[in-house]
Amino acid sequence: VTIKLGDLQQTLRVNARVELPWSGQAKATTLTAGKIESVLVKPGQQVALGQELARVQSLELESLQSELLKTTTEITALTQLIKQREPLVASGGIAGKVLLESKSNFQRKRSQRDIVLHKLQALGVDTAAITGLLQSGVLLHSIPVLAPVAGTIESIDTRPGQLVESTDHLFDIVALSTLYVVGEVLEGDLFQVLPGLSTGMTFTGRSNIKLTGQIEHVRMKMDAARRSWGAVVSVDNRAELLRPGMSGRMAIEVAAVEKAILCPTASLIETEQGSFVLKRESKGKFSRRPVQIGLRSRDMV
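A brief structural summary. Values in this document were obtained by computation on a predicted structure and should not be read as measured data.

One pass over the full model with this rule turns up 14 salt bridges. The salt bridge partner of E184 is R17, with a shortest N-O separation of 3.1 Å. In this pair, E184 sits in strand 10 (residues 178–186) while R17 sits in strand 1 (residues 4–19), placing the two residues 167 residues apart along the sequence. As far as burial versus exposure is concerned, E184 and R17 are alike and both buried. For R238, the salt bridge identified is with D236, shortest N-O distance 2.6 Å. Residues joined in a network through salt bridges with shared partners are R17, E19, E184, R219, D223 and R226.

The next point concerns the packing of helix 1 (residues 59–91) against helix 2 (residues 96–122). Look at helix 1 against helix 2: their axes get within 8 Å of each other, and the N-to-C directions meet at 155°. Taken as axis vectors, helix 1 and helix 2 run roughly antiparallel relative to one another. Note on packing geometry: the crossing formed by helix 1 with helix 2 is left-handed. The class makeup of the residues in the contact of helix 1 with helix 2 is 14 nonpolar, eight polar and nine charged.

Within the largest apolar cluster, 25 residues are counted, with the highest numbers of intra-cluster contacts made by V41, V47, L53, L120, V145, I153 and F171. Once residues within four sequence positions are removed from consideration, I153 is found in contact with V41, K42, P43, G44, Q45, V47, L53, D172 and I173.

Here we take up the sheet that holds strand 5 (residues 52–57). If you walk across this open sheet you meet the four strands as 6-5-3-8, and the pairing is antiparallel. The open sheet terminates on both sides in strands that have one partner only, identified here as strand 6 (143–146) and strand 8 (163–164). Where strand 5 lies against strand 6, four bridges are found, and the strand directions are antiparallel. Counterpart to V56 in the pairing with strand 6 is I143.

Turning next to the pairing of strand 12 (residues 206–218). Sheet topology note: the strand 11 (residues 198–203)/strand 12 ladder contains six bridges and is antiparallel. In the strand pairing of strand 12, T202 is matched with K210. Turn length for the strand 11-strand 12 hairpin, with the two strands adjacent in sequence and antiparallel, is two residues, and the turn residue G205 shows positive phi of about 80°. Examined bridge by bridge, strand 12 and strand 13 (residues 228–236) share three bridges and lie antiparallel to one another. Bridge assignment links I215 to a residue of strand 13, and that residue is V233.

About the cut-offs
- Residues numbered from 1 in each chain as written.
- Predicted model: local features only at pLDDT ≥ 70, side-chain atom pairs only at ≥ 80, totals over all residues.
- Heavy atoms only, no water.
- Salt bridge = Lys/Arg side-chain N within 4 Å of Asp/Glu carboxyl O.
- Helix = DSSP H or I, 4+ residues; strand = E, 2+ residues; numbered from the N terminus.
- Buried < 20%, exposed > 50% of the residue type's maximum accessible area, 1.4 Å probe, protein only.
- Axes fitted to C-alpha atoms, helices over the stretch in contact; angles between N-to-C directions.
- Parallel < 35°, antiparallel > 145°, perpendicular 65-115°, else oblique.
- Left-handed = near helix turned anticlockwise from the far one by under 90°.
- Nonpolar A, V, L, I, M, F, W, Y, C, P; charged D, E, K, R; others polar.
- Core = buried A, V, L, I, M, F, W, Y, C linked by side-chain atoms within 4.5 Å.
- Contact = heavy atoms within 4.5 Å.
- Pairing = 2+ DSSP bridges.

Structure representation (structure tokens):
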């Protein structure tokens, strides 16, 4: 083989697996204790941000609505009373103290109403529903459980008629648009792997999928079962070609040189005294030449 100049990359090949990032997982729950009236989705269904997943009947909801209607009626009555008393105070018909008491009651009732409004909004009752309640006087009997993120319903842990608390996790939602591919780097190779290195990824049983990316970070904690550290690459999965749990291989370009002296690995002879190659001086005659080894690939050095 003729020795020549060329470019060489040193590639570390490791097993890899597909994981769901922490940011792609969400749990949905009710904002108040109550009874599940209906479940509106099923596992595997795509949901949008803010979509209704279920409805919950709540005694707290009914109590707050009744209090809101009561304080609103009282505020209306106090407003009329103040309008009636203001001219009487001006003409000396009643004492000013009476008007001040009415205004004080008015302010107190307005504060009570504002607190109730905030509580209702905190339970998930929107402005349109509150306006409708005040206009019609008809109480809402349930509030929605809303999706905190857009994604896919992974599991449902509730049924109609079930009593739930605000601490119960009712729905698990996953967003598959971005996934992690995690390479399993062994301890002896860990020093070579740094954030920013380029990678190529292939997946078992999916030969048509070949992805590239860069290492986002290397996990600080060792995987005790695999005795390895995770090199994490974030990949765009909006086409939903990958699923969490898939396995594959990751090729990490840990080093590269340009215009290096290249020799086939098969031509290299390594001994305890050092490395050398055989140089052909003439036909049938070879001389031993020591060499210094740099980067290695699978077939070149």
